[in-house]
Amino acid sequence: MNNREQWGSRTGFILAAAGSAVGLGNIWKFPYIAGENGGAAFLFIYLICIVAIGLPILNVEILLGRETQKNPVGAFKSIAGKSSIWKYAGALGVLASFTILSFYSVVGGWSLGYTVEAFKGTFSAFETLEISEKFFGESVSNVKWIIGYHTAFFLMVVGIILLGVKSGLEKASKFLMPTLLLILIILAAQGLMLDGANEGVSFLFNPDWSAVNGETFLKALGHAFFTLSLGMGAMMTYGSYLSNKDDIVNASYIIVFLDTFIAILAGVAIFTVVFSAGGEPAGGPGLIFNVLTTSLAKLPGAYFFGISFFVLLTIAAITSAISILEVSVAYLVDEFKYSRKKATLIMSILVYCAAIPCALSFNALEDVKLFVQDKGFTFFDVADFLASNLLLPLGGFFIAVFAGYVWGIDEVVKKLLKGDSQSVYFSNSILRSSSNKSIFGVLIKFLSPVLIILVLLYAISEGLKTDPPKEEMPVEQEVAPVEEVLDA
Ligand code: PHE
């Protein structure tokens, strides 16, 4: 038996994994893409992607971690052999962890900054969209503001990681996730009671099939990956702190359910407020940092709502960010035998430095454009594009191919059946039926790899169009590219 730290309880693991899944993607991005891409029609396609591709890959990722008790590089090495090229698939995950965190923590910093502003009552002065946009523009172009809050956010993440699996990751998630859920339920209920709330609800739930095309499907799949934290070994690393007695299939159902439920609740909380104040739904930072804050100013209980919302957003960002950093830390601990403290310090210094150009992309380095000088990408855009659109789907592709063809579906199912299962549905007993097992095989071996390749090709073709779709943005040029942060 090794002396690897383990989760203290089943619930601890589930909350930590759900904490990783529930992040800026759910609260910031999901409501917007659902609203703009056909409402319930998008939701329907997204749910198919989640169930048919996200859920099976989530099972495999957690299993790879549990079986090998290793970080992504070590996991592939221990199954495929030290000299096999599969270890590079794991290395891709470590690279993605590094890249995602470098822009994710910048947005986490904005969220923290807005929490402080909410406490100060700043939003009560946001009478028009112009005022809130100006405030946002000025805040992100202020080097001190952006670096200061980014640093504070980063220190919180590092502090939790330093405490370890049980006293850091697990304890934080056990406290933060129920808090998040409670705040969100109150906000959604409060939103539903506002005059005109119906309009917001129908924006999110009315199916508009005319808005659906091939691209909608690809967007839904891309987002399914990002929102479930798949493709970079975050779930693998969390799975590596599990023991054989846990039912991975059951845990995956719960994680997927919580992630989807929270995204929908966030949509309800945001759009009821925006519509009842007569605001226009918009995308990206425009939606929550500008439109929501302006709409709030017009409503009763605005002060309380504003604080709750940004605390919620910050919690969601923290519980995801810790899972991103943990991948790189586990890599150094397992592969180089570093202590957790040393590994955390090395990785956080590296990621912190990598994040600086991303933070400065909105001010000092605003004009430094990579690839194409006049229209190109800032550092922030590049980190976002590389990670969300290329590294995650590519990682997911390798995981599916590895499970389907190297490990083999029989072996995967045999191992998934190991944990204790309680019920027939929503537990691993579902895989005992041979027809369900074949469906699982088809999803992993054929459907997932083919669809992921399509998403990748789409992402690459989008990336080559150096002109990001800024027209949709209600905000200034310097903040527009952020709209794509979560456009996996
Ligand atoms: N799932 C997180 C979100 O929705 C982001 C994330 C991606 C976290 C990849 C970990 C790994 O915001």
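What counts and how
- Residues numbered from 1 in each chain as written.
- Predicted model: local features only at pLDDT ≥ 70, side-chain atom pairs only at ≥ 80, totals over all residues.
- Heavy atoms only, no water.
- Helix = DSSP H or I, 4+ residues; strand = E, 2+ residues; numbered from the N terminus.
- Rg over C-alpha atoms; globule rule 2.2 N^0.38 Å.
- Buried < 20%, exposed > 50% of the residue type's maximum accessible area, 1.4 Å probe, protein only.
- Areas by Shrake-Rupley, 256 points an atom, 1.4 Å probe, with all protein chains shown as cover.
- Lys, Arg positive; Asp, Glu negative; His and termini not counted.
- Charge placed at Lys NZ, Arg CZ, Asp CG, Glu CD.
- Near = heavy atom within 4 Å.
- Polar contact = N/O pair within 3.5 Å; in protein donor to acceptor, adjacent residues only side chain to side chain.
- 1 Å grid on protein atoms, 1.4 Å probe; cavity = no way out; pocket = protein on both sides within 12 Å on 5 of 7 lines; lining within 4 Å.
- Sits in = over half its atoms within 2 Å of the grid points.
- Nonpolar A, V, L, I, M, F, W, Y, C, P; charged D, E, K, R; others polar.
- Arc of directions from axis to C-beta.
- Contact = heavy atoms within 4.5 Å.
- Salt bridge = Lys/Arg side-chain N within 4 Å of Asp/Glu carboxyl O.
- Points joined across faces, edges and corners; volume = space filled by probe spheres on them.
- Core = buried A, V, L, I, M, F, W, Y, C linked by side-chain atoms within 4.5 Å.
- Phe/Tyr/Trp six-rings, centres within 6.5 Å; stacked < 30°, edge-to-face > 60°.
- Lys NZ or Arg CZ within 6 Å of the ring centre and 35° of its normal.
- pLDDT = per-residue confidence, 0-100.

Glancing now at the overall build of the protein chain. Summing up its helical and strand segments, the protein chain has 17 helices and zero strands in all. On C-alpha atoms alone, the protein chain measures out to a radius of gyration of 21 Å, which is about the 23 Å that the 2.2 N^0.38 rule sets for 488 residues. Looking at the protein chain as a whole, 62% of its 488 residues qualify as buried. Total accessible area on the protein chain is roughly 17900 Å²; 66% of this is exposed by carbon and sulfur atoms. Treating the 31 positive side-chain charges of the protein chain as one cloud and the 38 negative ones as another, the clouds have centres 16 Å apart.

If you check the shell around the ligand, you find 14 residues, and the closest are Ala-21, Leu-24, Gly-25, Tyr-104 and Phe-226. Between an oxygen atom of the ligand and a main-chain N or O atom of Gly-25, the distance comes to 2.9 Å. Phe-226 is positioned with one of its backbone polar atoms (N or O) 2.8 Å from a nitrogen atom of the ligand. Protein chains shield 100% of the accessible area of the ligand, which is 330 Å² for the free molecule. With respect to the pocket detection grid, the ligand is positioned in the largest cavity. Those elements giving two or more residues to the shell around the ligand turn out to be α1 (10-21), α2 (24-36), α10 (214-227) and α14 (302-336). For the shell around the ligand, a count of residues per class yields six nonpolar, eight polar and no charged.

Buried within helix α9 (residues 197-205) we find Ala-197, Gly-200, Phe-203 and Leu-204. Down the axis of α9, the smallest arc covering the buried residues is 125°, so these residues share one side. Of the surrounding elements, those touching the buried residues of α9 are α2, α3 (40-68), α8 (165-192) and α12 (248-276).

Opposite charge on two side chains makes pairing possible when the charged atoms of those side chains draw close. Tallied over the full model, the rule gives 11 salt bridges. Two residues, Asp-410 and Lys-437, come together in a salt bridge whose shortest N-O distance is 2.9 Å. Here the residue Asp-410 occupies a position in helix α16 (residues 379-416), and Lys-437 occupies one in helix α17 (residues 434-464), the gap between them amounting to 27 residues. We classify Asp-410 as exposed; its relative accessible area is 54%. Classification of Lys-437 by relative accessible area gives partly exposed; the value is 26%. Note that Glu-411 is salt-bridged to Lys-415, the shortest N-O span being 2.6 Å.

The next subject is empty space enclosed by the protein. Scanning the model with the defined rule gives four cavities of 30 Å³ or more in all. Approximately 150 Å³ is the volume found for the largest cavity. Lining the largest cavity are 19 residues, and of these Ser-20, Tyr-104, Phe-226, Ser-229 and Ile-324 sit closest to its centre. Going through the elements one at a time, α1, α2, α5 (87-120), α10 and α14 are the ones with two or more residues in the lining of the largest cavity. Along the lines of polarity and charge, the residues of the lining of the largest cavity split into 11 nonpolar, eight polar and no charged. Considered as a void within the structure, the second largest cavity measures approximately 50 Å³ in volume. If you go around the second largest cavity, the residues you meet are Pro-72, Phe-76, Ala-89, Gly-90, Gly-93, Gly-231, Met-232, Gly-233, Met-236, Gly-395 and Ile-399. Among the secondary structure elements, those contributing two or more residues to the lining of the second largest cavity are α4 (72-80), α5 and α16. The element contributing the most residues to the lining of the second largest cavity is α5, with three residues. The class makeup of the residues in the lining of the second largest cavity is six nonpolar, five polar and no charged.

Next up on the list: the environment of Pro-300. Following the sequence through the fold, Pro-300 ends up in the loop between α13 (284-297) and α14. By relative accessible area, Pro-300 is classed as exposed at 65%.

Grouped together as the largest cluster of nonpolar side chains are 168 residues, with contacts concentrated most on Trp-110 and Phe-309. Here the element with the most residues in this core is α14; it accounts for 19 residues.

A few words on the environment of Ala-403. By secondary structure assignment, the location of Ala-403 is in helix α16. Along the sequence, Ala-403 and Leu-63 sit 340 residues apart, while their C-alpha atoms lie 10.0 Å from each other. With near-sequence residues (within four places) excluded, Ala-403 lies in contact with Val-60, Gly-408, Ile-409, Val-412 and Ile-444.

This part covers unusual backbone geometry. Its identity as a non-glycine residue notwithstanding, Gln-69 has a phi of 55°, on the positive side. You can see Gln-69 is positioned in the loop between α3 and α4. Judged by its relative accessible area of 13%, Gln-69 falls in the buried class. A positive phi is found at Lys-337, a non-glycine position, where the angle reads about 55°. Its location among the elements puts Lys-337 in the loop between α14 and α15 (340-359).

Let us look at the packing of aromatic side chains. Counted under the stated rule, the structure contains 38 aromatic pairs. A centroid spacing of 5.9 Å and a plane angle of 80° characterise the contact between Trp-7 and Tyr-241, whose relative ring orientation is edge-to-face. On the criterion of sequence distance, the pair formed by Trp-7 in the segment before α1 and Tyr-241 in the loop between α11 (234-239) and α12 is long-range, its members being 234 residues apart. Judged by relative accessible area, Trp-7 falls into the buried class, the value being 8%. Here the aromatic rings of Trp-28 and Phe-289 are separated by 6.3 Å at their centres, their planes lie at 85°, and the arrangement is edge-to-face. With Trp-28 in helix α2 and Phe-289 in helix α13, this pair connects stretches of sequence that are 261 residues apart. For the pair formed by Trp-28 and Phe-289, the shared burial category is buried. Lying over the aromatic face of Tyr-338, Lys-342 brings its terminal NZ or CZ to 4.2 Å of the ring centre.

Take the confidence of the model for the protein chain next. On average, the protein chain scores 87 in pLDDT, and the residues at 70 or more come to 91%. Predicted confidence is poor over residues 468-488, with pLDDT under 50, and the contacts of this stretch with residues over four places away or in other chains come to 58 contacts.

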